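# Coordinate analysis (summary)
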Amino acid sequence: METLYENIFRRKSTRNFNMDTLDEASLLRVQEILNKAPDLFEGLKVNYHIIKDGKDFSEKVTGIIGAYTKVNAPHYIVISCIEHSGFRQATGYSLAHVILAMNDLGIATCITYPGVDKSVIAKYADLHENQVPILFIAFGNPENPLELYPKPDYFKRRSLNDIIIQGPVKRKYKYILEAVRLAPSSFNTQPWRFSVDGNRIHILRVKLGFIKSKFFSSLNKIDMGIALAYIIIAIKSKGMKFKLIKDSTPHVDMEYMITVEIRE
Ligand SMILES: Cc1cc2nc3c(=O)[nH]c(=O)nc-3n(C[C@H](O)[C@H](O)[C@H](O)COP(=O)(O)O)c2cc1C
């Protein structure tokens, strides 16, 4: 967990890939990471399928949604899950571990949104009848090796003051919020907010207006799963114990997700 935590500060999205394929040993190590990816809910498994021939896949399957960048990469991972309650949060939680572990191997990634429907993707990835494709991870070597890791001023993120809507945060827990502040999110929307009460971190999502919510809500639920993963990775990196509890504290314009209670 310490390695994953360290990679929080060393990860960024890559959008310009060198189109050479990775060697078999590297692809095998990626497969090992996928095999070990943790699940948020028992019984709700997030599935991963590597697409080795990314060129063909990218032409047919990665679309452009609005102005969102289409990313061409030598390989992709198709992420799928059963549409059960909480499946988007579960996807974000699991994939956060995957991208940080891949970053540790020195493999560049970019989470991307599929632009086509299941029938097209099913031609490339073995999807069970009740599984839906949710996201892709484009991966490979970056065109410019220096762009694998973020420069010191890379992260364009909200300040701690913006995302902590209620505090104070004890000094010993500040690093947890510093870590989750850097989590990746769709369109960099950073929909998470935190209400901190002693050793409890209540995790909340900004509610969107009707128009925005139609498209962004589903993506933002994935983002919330990523945020939860970052918090847990940070806590575990210091060997601290915690539990997840439901302890709703209503806040205007916020949707409550879950509370992380740290053992003091
Ligand atoms: C759920 C989700 C979907 C995303 N979809 C796309 C996408 O379709 N195209 C893209 O270029 N980036 C996509 N991203 C990457 C974000 O734009 C990126 O994580 C964010 O801007 C923060 O930048 P960073 O990852 O370099 O820290 C996605 C990220 C998430 C979490």
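Each residue is numbered by its place in its chain's sequence as written, counting from 1. Since the coordinates come from a predicted model, pLDDT governs what is reported: local features require at least 70, and pairs of side-chain atoms require 80 or more to be given and counted, while whole-chain, interface and lining totals use all residues. Where side-chain values are given, they derive from all heavy atoms of the structure, hydrogens and water being excluded.

### A word on helix α8 (residues 210–237)
Along an α-helix, a turn takes 3.6 residues, which lines up residues three or four apart on a common side. In this model α8 runs 39 Å from its N-terminal to its C-terminal C-alpha over 28 residues, within 8% of the 40 Å that 1.5 Å per residue would give. The term bend refers to the angle at a residue between two fitted axes, each drawn through seven residues, those ending there and those starting there. Secondary structure elements are taken from DSSP: a helix is a run of H or I of four residues or more, a strand is a run of E of two residues or more, and numbering for both begins at the N terminus. The largest bend in α8 comes to about 55°, at F216. Just downstream of α8, G239 is the residue with a positive phi angle, here 70°. Helix span, expected: 1.5 Å multiplied by one less than the number of residues in the helix.

### What to know about the domain arrangement of the chain
Where each domain starts and ends comes from a domain assignment, either automatic or drawn from a database. In terms of domains, the chain is made up of domain 1 (2–147) and domain 2 (160–262). Distance from the C-alpha centre of domain 1 to the C-alpha centre of domain 2: 23 Å. The contact criterion used is simple: two residues touch if any of their non-hydrogen atoms lie within 4.5 Å. Listed by partner, the interface residues are 22 residues for domain 1 and 24 residues for domain 2. Summing both partners gives a buried area of about 2,000 Å² for domain 1 against domain 2, and 78% of it is carried by carbon and sulfur. Two N or O atoms form a polar contact when they lie within 3.5 Å of each other; inside protein one atom must be a possible hydrogen donor and the other a possible acceptor, and for residues adjacent in sequence the pair counts only when both atoms belong to side chains. The interface formed by domain 1 and domain 2 includes one residue pair in polar contact (both at pLDDT 80 or more). Secondary structure elements with two or more residues in the side of domain 1 that touches domain 2: α1 (2–8), α4 (87–104) and β5 (131–142). The dominant element in the side of domain 1 that touches domain 2, judged by the number of residues it contributes, is α4, at nine residues. Following the grouping adopted for this structure description, the nonpolar residues are Ala, Val, Leu, Ile, Met, Phe, Trp, Tyr, Cys and Pro, the charged ones are Asp, Glu, Lys and Arg, and the polar ones are all others, Gly among them. Partitioning the side of domain 1 that touches domain 2 into residue classes produces 16 nonpolar, three polar and three charged. A 1.4 Å probe defines the accessible area here, and the buried area is the portion of it lost by two parts on being joined, summed over both.

### Looking at the sheet that holds strand β10 (residues 254–262)
Reading across the sheet, the five strands line up as β6-β7-β8-β10-β9 and stay open at both edges, with mixed pairing between neighbours. A strand with exactly one partner marks an edge of an open sheet, and here the two such strands are β6 (164–166) and β9 (242–245). If you compare each strand with its neighbour and ignore which way they point, the axes differ by 30° on average. Note: two strands are recorded as paired if DSSP finds a minimum of 2 bridges between them. The pairing of strand β7 (residues 192–197) with strand β8 (residues 200–206) spans six bridges and is classified as antiparallel. To get an axis, fit a line to the C-alpha atoms, keeping to the stretch in contact for a helix; angles then go from 0 to 180 degrees between the N-to-C directions.

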